[in-house]
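Observations on the model geometry
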Amino acid sequence: MKKFALIGVAGYIAPRHLKAIKDVNNELVCALDPYDGVGIMDSYFPNADYFKEFERFDRHIDKLRRKNEGVDYMSICSPNYLHDSHIRFGLRSGADVICEKPLVLNPWNLDAIESIEKESGKKVFNILQLRLHESILALKNKVQKILKENPNKVFDVDLTYITSRGKWYFISWKGDITKSGGVATNIGIHFFDMLLWIFGDLKDSKLHFKNESSASGLLELKNARVRWFLSVDENTLPKEIKEANKRTFRLISVDGEEVEFSEGFTDLHTKSYEDILKGGGFGLECARASIEVAHLIRNAKAIGINGDYHPFCKGLL
């Protein structure tokens, strides 16, 4: 049985990590969050030690380590801008690290973490759960078969992801681009990772539109041209989705054919943990390409809605 610590246990994504740790029959021994609304722990690990202050958590982790009872893994569910620091803390505490997306906000942070990995002898794993989704795996296999016959084929891909958020979003750290990385990073990085994983390296990127709630552009990959649209603004939802009182819309089409992946997300964190514990997992280099793309988009200047733009951009005029 492996011992886990968790940073950010009051966060939105933390229950999926708690469930995963429980599902793989391991133990959460301690957790940290400055917000003490952490009753969710009762459903999974009521006997885990809980800390509101990092300093006390740090001391506890160090005590365990000095008694040869240190944690094996540190799971990180904290706000995006804190991942870098918390990953370093986990490695220096003698633990392997499992971190939510994005691993870091800036590509150069990966180089520093890689050095600490080597110094500590421990590893960092990123939760890239779309790579484990059955529909996405099927798409990758289909694309690979086509490319085996025609290595130079370029697929036409449209990515649309809208997940409506209320006013709170823009007051929280998620609405601060310096802390979340903005919409393209906060809600888009899993999709960028998935597309790069399936269709190959980035050749060029154009940003057509960007504001605090929406972004859209064109990615030219080795084997695909990807028109993408990401938004947390409910006003960008298609009319039929609004009329059905739904607040989320996701669609990926490849050469005009829709890829259905609206289901199957429930256990992907558990699958991620199982993969890591079996010696697999997605390390620093797996995360690098999508972090570089998100960083490029975040710092790009929008060229306007012209050229080969995503059709949802018309609604922004």
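Before reading on, note that the structure itself is shown above.
Residues numbered from 1 in each chain as written. Predicted model: local features only at pLDDT ≥ 70, side-chain atom pairs only at ≥ 80, totals over all residues. Heavy atoms only, no water.

1. Comments concerning the overall build of the chain
Assigned secondary structure in the chain consists of twelve helices and twelve strands. Taking 2.2 N^0.38 as the reference for a compact globule, 317 residues should give roughly 20 Å; the C-alpha atoms of the chain span a radius of gyration of 20 Å, in line with that estimate. Projecting the C-alpha coordinates of the chain onto the three principal axes gives extents of approximately 60 × 45 × 35 Å. Of all 317 residues assigned to the chain, the portion counted as buried reaches 49%. (Helix = DSSP H or I, 4+ residues; strand = E, 2+ residues; numbered from the N terminus. Rg over C-alpha atoms; globule rule 2.2 N^0.38 Å. Buried < 20%, exposed > 50% of the residue type's maximum accessible area, 1.4 Å probe, protein only.)

2. Some thoughts on the packing of helix α9 (residues 189–199) against helix α12 (residues 284–298)
Contact geometry of α9 with α12 gives a least axis separation of 9 Å together with a crossing angle of 120°. Viewed along their axes, α9 and α12 adopt a mutual orientation that is oblique. Viewed along their axes, α9 and α12 form a crossing whose handedness is right-handed. Only C286, A289, S290, I291, V293, A294 and I297 of α12 make contact with α9, whose side of the interface consists of I189, F192, D193 and L196. Tallied by class, the residues present in the contact of α9 with α12 amount to nine nonpolar, one polar and one charged. (Axes fitted to C-alpha atoms, helices over the stretch in contact; angles between N-to-C directions. Parallel < 35°, antiparallel > 145°, perpendicular 65-115°, else oblique. Left-handed = near helix turned anticlockwise from the far one by under 90°. Contact = heavy atoms within 4.5 Å. Nonpolar A, V, L, I, M, F, W, Y, C, P; charged D, E, K, R; others polar.)

3. What to know about empty space enclosed by the protein
It is the rolling of a water-molecule-sized probe over the atoms that shows where space remains empty. By the definition in use, this model includes one cavity of 30 Å³ or more. By volume, the largest cavity amounts to about 40 Å³. Lining the largest cavity are N126, L132, S272, D275, I276, G281 and F282. For the lining of the largest cavity, the element with the highest residue contribution is helix α11 (residues 268–277), accounting for three residues. For the lining of the largest cavity, the class distribution of residues is three nonpolar, three polar and one charged. (1 Å grid on protein atoms, 1.4 Å probe; cavity = no way out; pocket = protein on both sides within 12 Å on 5 of 7 lines; lining within 4 Å. Points joined across faces, edges and corners; volume = space filled by probe spheres on them.)

4. Quick notes on the packing of aromatic side chains
Under the criterion given, the structure shown has twelve aromatic pairs. Ring geometry for F54 versus F89: centroids 4.9 Å apart, planes at 65°, classification edge-to-face. Placement of the pair is F54 in helix α2 (residues 54–66) and F89 in helix α3 (residues 83–92), with a sequence separation of 35 residues. Look at F54 and you get partly exposed, because its relative accessible area is 30%. Ring geometry for W168 against Y169: centres 5.7 Å apart, planes inclined by 70°, an arrangement best described as edge-to-face. Among the aromatic side chains, those forming a connected cluster through ring pairs are F51, F54, F57 and F89. Stacked on the ring of F45, the Lys or Arg K22 has its end atom at 5.3 Å from the ring centre. The aromatic ring of W197 is capped on one face by K140, whose charged end is 4.6 Å from the ring centroid. (Phe/Tyr/Trp six-rings, centres within 6.5 Å; stacked < 30°, edge-to-face > 60°. Lys NZ or Arg CZ within 6 Å of the ring centre and 35° of its normal.)

5. Side note on the sheet that holds strand β2 (residues 27–32)
Sheet architecture is open: six strands sit in the order β3-β2-β1-β4-β5-β6, paired in parallel fashion. On the outer flanks of this sheet lie β3 (49–51) and β6 (124–126), each paired with one strand and no other. Strand-to-strand twist in this sheet, taken as the mean axis angle between neighbours without regard to direction, amounts to 20°. Bridge count between strand β4 (residues 73–76) and strand β5 (residues 96–99): four bridges; the pairing is parallel. Pairing of Y73 across the sheet is with D96, part of β5. (Pairing = 2+ DSSP bridges.)

6. Details of helix α1 (residues 14–23)
For α1, the complete set of buried residues consists of A14, H17, L18, A20 and I21. Seen along its axis, α1 keeps its buried residues to an arc of 160°; they face one direction. Those residues of α1 that are buried are in contact with β1 (3–7), β2, β4 and α11. Looking at the residues trailing α1, positive phi occurs at N25, about 60°. (Arc of directions from axis to C-beta.)

7. Points about the sheet that holds strand β9 (residues 214–221)
The strand order across the open sheet built from six strands is β8-β9-β10-β7-β11-β12, with neighbouring strands paired in mixed fashion. The sheet is open, and its two edges are formed by β8 (202–210) and β12 (257–259), each paired on a single side. Averaged over all neighbouring strand pairs, the angle between strand axes comes to 20°, with direction disregarded. Inspection of the sheet shows strand β11 (residues 248–254) paired to β12 by three bridges, in the antiparallel sense. Residue pairing for β12: S253 is matched across the bridge by E258. On the sheet, α9 packs against β7 (155–163), β8, β9, β10 (224–231) and β11 and is oriented at approximately 165° with respect to β7. Of the strands in this sheet, β8, β9 and β10 touch α12, which is tilted by about 40° from β8.

8. A short note on unusual backbone geometry
Cis rather than trans, the peptide bond between K101 and P102 has omega equal to -20°. Look at N245: it is not a glycine, yet its phi comes out positive at around 60°. Take N245: it is sitting in the loop between α10 (239–243) and β11. Backbone geometry places D255, a non-glycine residue, at a positive phi of 50°.

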